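Read off the chains here:
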Amino acid sequence: MRKLEKRNKKSMEEEAIMPRNYNRWSRRDFFKTAAIAGAGSLLAPAAHLAEAADQNLQVPQRPFGKSGIYVSILSLGGMFNIKSNQIMIKQALRWGVTYWDTADCYQDGSEKGIGKYFKKYPEDRKKVFLVTKSDSRSPKGMSKLLERSLDRMNTDYIDLYFVHGIDSIYELDQHTRTWAEKAKAAGKIRLFGFSTHRNMEKCMLEAAQLGWIDGIMMTYNYRLMHSDRMQRAVDACVKAGIGLTAMKTQGGGSVRTDTDTELKMAGRFMQKGFTDAQAKLMAVWQNPDIASICSQMPNMSILMANTAAAMDKTKLSSTDRNLLQQYARQTLSDYCAGCTEICESAINEKAPIGDVMRYLMYSRSYGDRSHASAEYRKIPKNIREGLTKVDYSLAEKKCPRKIAIAELMREAAEELS
Ligand code: SF4
């Protein structure tokens, strides 16, 4: 915590040299203008949106590693039907949510939705820091997917291209590096990196040694950010000039919780004028080493709530942060930290424990059972059908969070099959 406070001071110094739209607005300013914009009604007439933009309400920006590029501290996660939500992404851009994140595999034609938008508003392309991801690891596969992403999104370049969801740095090699350098030289990508929600700390520490990774998007939240290992991983990336984007910042777990601390926490935050969901975002932003938070914002209410939090001048107090940490401790065994190298290596069978815990989280914490089921069904049939027969006792013994793996694997099979 002392480290974060020290960095906050550094961040205040950095704010003095931020570009002109690095403004912080009060929640009152934001909601006043949001009301003018009609966003609260979800209808947001175009004339009113223009009025909001005229008032220059903008989400702050931070530098993305050593790239020289500034990105909005809130990123629009694109795992929703963007094709049918064009007005919302227009509004996001007007509020300064200029960092847009998608992937070649996201459901509901996410990339095509962005392409539809850029076809209608080609002048907006240069305002957006556009990120997409490749499920392929091979240079040939990445080239194919990159061309498809460019085509789908009606653009001739990607600002940051990620290899999607690695769990070991060995998924990248010299061929990957050569591919990234060629794609940059051809002007098709500006920056290159990876996303990770398994073994994040190890991937980050090892990436910092490589010298050719520009950006990483990793699971990072109030539950994980205080561990020594995560702090070391962030420090190493900062030193290596790697830009960091946090995801899964709500810290939702594979088990629904309803503890007294949670209620107490929500009540305290409400008294201060924000929700516990906003407080969890603010806790991450209080680390200035995190350039941006990628958040799924599939509707105007979530976009408004997150944008208001991003513009908020309020800092969480040490009591607020302690409450979050107390809640994290109380619900330790309800949250899988993605350290799959521990549990998955403890069993003889192939069982994607970390992935299944994440799918349960999509279902129970995000309330998105259809996406969770779709992901669960992607597990090869022969492995999926054997998941409830595996003996997880050693994995449970080794799990640092004492997660009831066997029970949750059984529940996942019933809930998501
Ligand atoms: S089940 Fe436990 S050991 Fe396995 S990834 Fe989750 S927290 Fe780590």
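For the structure itself, look to the data block above.
Just so it is clear, the model here is predicted, and its values are computed rather than measured.

A. The arrangement of the overall build of the protein chain in detail. Of regular secondary structure, the protein chain possesses 19 helices and 10 strands. Evaluated residue by residue, the protein chain yields a buried proportion of 55% over its 417 residues. Counting every atom, the protein chain has about 18200 Å² of accessible surface; 50% of that belongs to carbon and sulfur.

B. A look at the site of the ligand. Every residue close to the ligand is listed here: Cys336, Ala337, Gly338, Cys339, Thr340, Cys343, Cys399, Pro400, Arg401, Ile403 and Ile405. Here the shell around the ligand is composed, by residue class, of 8 nonpolar, 2 polar and 1 charged.

C. Expanded view of the environment of Ala337. Positionally, Ala337 belongs in the loop between α13 (318-330) and α14 (340-343). Taking the C-alpha atoms as reference points, Ala337 and Met200, separated by 137 residues in sequence, lie 9.1 Å from one another. Excluding residues within four positions of it along the chain, Ala337 makes contact with Met200, Leu224 and Arg401.

D. Just the side chain of Thr176, in detail. With respect to the helices, strands and loops of the structure, Thr176 is situated in helix α7 (residues 174-185). Thr176 gets classed as buried once you look at its relative accessible area, which sits at 3%. Among the polar contacts made by the side chain of Thr176, one reaches the main-chain amide nitrogen of Asp173 at a distance of 2.8 Å.

E. Just the sheet that holds strand β9 (residues 243-247), in detail. Taken together, 8 strands build a closed barrel; the order of strands is β3-β4-β5-β6-β7-β8-β9-β10 and the barrel is parallel. Strand-to-strand twist in this sheet, taken as the mean axis angle between neighbours without regard to direction, amounts to 25°. Pairing geometry for strand β7 (residues 189-196) and strand β8 (residues 215-219), over 4 bridges, is parallel. Looking at β8, one finds that Thr196 is bridged to Met218. Against the sheet, helix α6 (residues 139-152) touches β5 (129-134), β6 (158-163) and β7, its axis set at about 140° to β6.

F. Here's a closer look at the pattern of salt bridges. Under the defined criterion, the tally for this structure stands at 23 salt bridges. Here Arg190 ties to Asp159 by a salt bridge, and the two come within 2.7 Å at their closest N and O atoms. You can see Arg190 sitting in strand β7 and its partner Asp159 sitting in strand β6, a full 31 residues away along the chain. Note on Arg190: relative accessible area 41%, which makes it partly exposed. According to the relative accessible area criterion, Asp159 is buried, its value standing at 1%. Residues participating in the shared-partner salt-bridge network are Asp167, Arg198, Asp355 and Arg358.

G. Structural context of the packing of helix α15 (residues 353-364) against helix α16 (residues 369-377). Direction vectors running N to C along α15 and α16 enclose 160°, while the axes themselves pass 7 Å from each other. The angle between α15 and α16 falls in the class roughly antiparallel. Here α15 and α16 pass one another in a crossing that is left-handed. Contact with α15, carried on its side by Val356, Tyr359, Tyr362 and Ser363, involves Arg369, His371, Ala372, Glu375 and Tyr376 of α16 and no other residues of that element. Broken down by class, the residue content of the contact of α15 with α16 amounts to 5 nonpolar, 2 polar and 2 charged.

H. The arrangement of the packing of aromatic side chains in detail. Inspection of the entire model under this criterion finds 13 aromatic pairs. Ring plane angle 40° and centroid distance 4.8 Å describe the contact between Tyr117 and Tyr121, whose orientation is recorded as tilted. For Tyr117, a relative accessible area of 0% corresponds to the buried category. Judged by relative accessible area, which is 22%, Tyr121 ranks as partly exposed. When the ring of Tyr222 is compared with that of Tyr327, the centres are 6.4 Å apart and the planes differ by 20°; the resulting orientation is stacked. Of this pair, Tyr222 sits in the loop between β8 and α9 (228-239) while Tyr327 sits in helix α13, and the two are 105 residues apart along the sequence. Tyr327 matches Tyr222 in its accessibility class, with the two residues each being buried. Here a set of aromatic residues connected by ring pairs shows up, and it is made of Trp100, Tyr117, Phe118 and Tyr121. In this arrangement the basic side chain of Lys90 is found over the ring face of Tyr121, its NZ or CZ atom lying 3.7 Å from the centre.

Reading guide: rules and limits
Residues numbered from 1 in each chain as written. Predicted model: local features only at pLDDT ≥ 70, side-chain atom pairs only at ≥ 80, totals over all residues. Heavy atoms only, no water. Helix = DSSP H or I, 4+ residues; strand = E, 2+ residues; numbered from the N terminus. Buried < 20%, exposed > 50% of the residue type's maximum accessible area, 1.4 Å probe, protein only. Areas by Shrake-Rupley, 256 points an atom, 1.4 Å probe, with all protein chains shown as cover. Near = heavy atom within 4 Å. Nonpolar A, V, L, I, M, F, W, Y, C, P; charged D, E, K, R; others polar. Contact = heavy atoms within 4.5 Å. Polar contact = N/O pair within 3.5 Å; in protein donor to acceptor, adjacent residues only side chain to side chain. Pairing = 2+ DSSP bridges. Axes fitted to C-alpha atoms, helices over the stretch in contact; angles between N-to-C directions. Salt bridge = Lys/Arg side-chain N within 4 Å of Asp/Glu carboxyl O. Parallel < 35°, antiparallel > 145°, perpendicular 65-115°, else oblique. Left-handed = near helix turned anticlockwise from the far one by under 90°. Phe/Tyr/Trp six-rings, centres within 6.5 Å; stacked < 30°, edge-to-face > 60°. Lys NZ or Arg CZ within 6 Å of the ring centre and 35° of its normal.

Any functional reading would require information beyond the geometric quantities listed.
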